[in-house]
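# Fold and contact review
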Amino acid sequence: MNIHFSRLAAIIAMTLVCGLKPALAESYPTRTIHIIIPYSPGGSTDFVSRLFAKNLSERLGQAVIVENRPGASTNIGSDAAAKAAPDGYTLLISDGAHIWNSVFGPKPPFNPLSALLPVSLIAQMPFVVAANPKIKFPTIKELIAAAKAAPGKFTISSASVRIFVELMNARAGMKLLHIPYKGGALAASDAIAGQVDMVFAALPALLPFIQSGKLKPLGVTSLKRSAALPSVPTLAEIGVNYDISIRYILYAPAGTPVSIQNRLAQATREIIQQKDFSQRLLAVGGEVAPSRPDELSAQIRRDLTMWQQVAKQLPDLVEIKSK
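Residues numbered from 1 in each chain as written. Predicted model: local features only at pLDDT ≥ 70, side-chain atom pairs only at ≥ 80, totals over all residues. Heavy atoms only, no water.

### Focus: helix α5 (residues 140-149)
Along α5, the residues that are buried comprise I140, L143, I144, A146 and A147. Down the axis of α5, the buried side of the element spans an arc of 165°, and every buried residue falls inside it. Within α5, the exposed residues directed more than 90 degrees away from the buried face are K141 and A149. Buried residues along α5 sit against β4 (116-131), α6 (162-172), β7 (198-202) and β8 (216-220). (Buried < 20%, exposed > 50% of the residue type's maximum accessible area, 1.4 Å probe, protein only. Helix = DSSP H or I, 4+ residues; strand = E, 2+ residues; numbered from the N terminus. Arc of directions from axis to C-beta. Contact = heavy atoms within 4.5 Å.)

The following block contains the structure:
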């Protein structure tokens, strides 16, 4: 009798435990959520993340706090998120820097494909090549022709995006002289002042200067034209195989329950469908971008493969520094 009773008690206990798992997931979240941003305050990632966090808090009914953890080319913040408890209360919003860092350096202390789970794409923004207004080229097409005719004559500034500039050089068959800067503000101001001929930066960083006439947009780097600059051509439309955009992705630590991932993905879909959210992104040069987790994971794997191929073609860009 005791044996039968013990077995029955065990079966009941197992049933209760299994029944609790979906119940706990359905109750998520029950406390404050922290979103780690691997950049300093004030940049485009910070703007997108804080706008998203505000809307996510309203959607889930819990406080959502943004934590800026810059350093080591985003590896510090990304690593903190990757090693956080996989319970949905510590998340990451990143532009994918840990993916290209794993190829070019500094190498992150975690596997870029398995340590962080892409939950949903939030928004995307292209880079833009913008010139001092005195530069005679009206579009990127004329710039490329001039740069091919006079390699190294024309200068282009950027902050921490050397691989993107040099890849553009290689794909377009030209040679712009890249001038690195520690910050985007100085890279843009020197282009405005004529210290360099042009600047390469994310569209939000340059859009105010373009709108005020202090900089002249020559081309955008996305496959399609930007809704914020509809008259500015892309490199792709003039035959250059160059499609580079910043994708802001919500990540969760590996091991986060699928039910919680789905809850966050659903909330994100609802947020990006809101007119106010999409309009505020468009005002700074961004666009909402719906996605499915499987599609997003496949895209990230393609990105990694692409950067690995670039590293083979342009080995001088590889500067791996293990931490």
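Still more ground to cover, so stick around.
### Digging into the pattern of salt bridges
One pass over the full model with this rule turns up 12 salt bridges. Measuring nitrogen to oxygen at the nearest pair gives 3.0 Å for the salt bridge that ties R50 to D46. A residue pair is termed a helical-turn pair when its members lie 3 or 4 positions apart in one helix, as R50 and D46 do in helix α2 (residues 44-60) at four residues. For R50, a relative accessible area of 38% corresponds to the partly exposed category. By relative accessible area, D46 is classed as buried at 7%. A salt bridge links E237 to R225, with the shortest nitrogen-to-oxygen separation between them at 2.7 Å. Taken together, the residues E237 in the loop between β8 and β9 (245-253) and R225 in the loop between β8 and β9 connect sequence positions 12 residues apart. (Salt bridge = Lys/Arg side-chain N within 4 Å of Asp/Glu carboxyl O.)

All quantities given are derived from atomic positions and should not be read as evidence of function.
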